[in-house]
Amino acid sequence: MRRLISKCPSCGGDLIVTELSCTSCDTVIWGRYTGCTFCALSDENLRFLELFVASRGNVKEMERETGLGYWTIRGQLDDLLKTLKLEVDAAATPADIATRRREILHSVERGELSIVEAERMLADLQTSS
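In this numbering scheme, every chain counts its residues from 1 along its sequence in written order. Where totals are concerned, whole chains, interfaces and linings use all residues; where local detail is concerned, this predicted model gives features only for residues with pLDDT of at least 70, and gives and counts side-chain atom pairs only at 80 or more. Side-chain measures were taken over the full set of non-hydrogen atoms in the model, leaving aside hydrogen atoms and water.

1. Description of the overall build of the protein
What counts here: Strands here mean DSSP runs of E at least two residues long; helices mean DSSP runs of H or I at least four residues long; both are numbered from the N terminus. Just to be clear, the radius of gyration here is over C-alpha atoms, and the globule rule we use is 2.2 Å times residues to the power 0.38.
In terms of regular secondary structure, the protein is built from five helices and two strands. In sequence order, the protein lays out its α and β elements as β-β-α-α-α-α-α. Whereas a compact globule of 129 residues would reach a radius of gyration of roughly 14 Å, the protein reaches 20 Å, over 25% beyond that. With respect to the principal axes defined by its C-alpha atoms, the protein has extents near 60 × 30 × 30 Å.

Below, the structure is given as structure tokens:
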């Protein structure tokens, strides 16, 4: 997917759109415009979002499509939500946390998660409880 660049290639500063031109009648609009929320997403987050939408949010379908485990996909979704500033805090019960720990460890056993990813997820789980 082709996107507008958002950082200056010379200094790394933020870029904004200052002019829009009509390809039909040559009308020109001047101003200062920032990109949309999705313009700031990384290529990885955009690919994940496209897959999520294409599978209609069905994580089982995403598991089949990508070969990744539930918690890996869930972690990617959590990262995307943080990036979009859409994070929703939900209070987890101790039983939920214990179940999630077991599932993370099983994902490592099956090779679906790296040890580094699992450590991060377990640390996040511990800080959220």
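2. Some points on the pairing of strand E1 (residues 17–21)
Our working rule: Following DSSP output, two strands are said to pair if at least two bridges run between them.
Where E1 meets strand E2 (residues 28–33), four bridges bridge the pair, whose relative direction is antiparallel. Residue pairing in the sheet places Glu-19 in a bridge with Trp-30 of E2. Linking two consecutive strands that pair antiparallel, namely E1 and E2, is a turn of six residues; a positive phi of about 65° is found at Asp-26 within it.

3. Regarding the pattern of salt bridges
Pairing between side chains of opposite charge can happen when their charged atoms approach one another. Spelled out, the test is: The salt bridge criterion pairs a side-chain nitrogen of Lys or Arg with a carboxyl oxygen of Asp or Glu, the two atoms within 4 Å. Three labels apply to residues, based on accessible area from a 1.4 Å probe with only protein chains included: buried if under 20% of the type maximum, exposed if over 50%, partly exposed otherwise in between.
Applying the stated criterion across every chain yields a total of five salt bridges. The closest approach of N and O atoms between Glu-61 and Arg-64, which form a salt bridge, is 3.0 Å. One end of the pair is Glu-61 and the other is Arg-64, both in helix H2 (residues 59–66) and three residues apart, which spans about a single turn. Under the relative-accessibility criterion, Glu-61 is labelled partly exposed at 31%.

4. Brief notes about the nonpolar core
Operational definition: Remark: nonpolar core denotes a set of buried residues (Ala, Val, Leu, Ile, Met, Phe, Trp, Tyr, Cys) joined through side-chain atoms within 4.5 Å.
Core analysis: the biggest nonpolar cluster contains nine residues, these being Leu-41, Leu-46, Phe-48, Leu-49, Met-62, Ile-73, Leu-77, Leu-80 and Leu-84. Judged by nonpolar contacts, the second largest core, of seven residues, contains Ile-104, Leu-113, Met-121 and Leu-125.

5. Some details on unusual backbone geometry
Not every positive phi belongs to a glycine, and Arg-56 is a case in point at roughly 55°. For Arg-56, the location among the structural elements is in the loop between helix H1 (43–54) and H2. Positive phi, close to 55°, is recorded for Lys-85, a residue that is not glycine. Structurally, the position occupied by Lys-85 is in the loop between helix H3 (70–83) and helix H4 (94–109).

6. Comments concerning the packing of aromatic side chains
We count it as follows: Pairing of aromatic side chains requires ring centres within 6.5 Å, counting the rings of Phe and Tyr and the six-membered ring of Trp. Pairs whose planes differ by under 30 degrees are stacked, by over 60 edge-to-face, and all others tilted.
On inspection of all chains with the given rule, the structure shows two aromatic pairs. Ring centres 6.2 Å apart and planes at 25° place the aromatic pair Phe-48 and Phe-52 in the stacked group. In this pair, Phe-48 and Phe-52 are both assigned in helix H1, four residues apart and thus about one turn of the helix distant. Here Phe-48 falls in the buried class, since its relative accessible area comes to 6%. Note on Tyr-70 and Trp-71: the rings are 4.7 Å apart at their centroids and 85° apart in plane angle, and the pair reads as edge-to-face. Taking relative accessible area as the criterion, Trp-71 reaches 7% and is therefore assigned buried.

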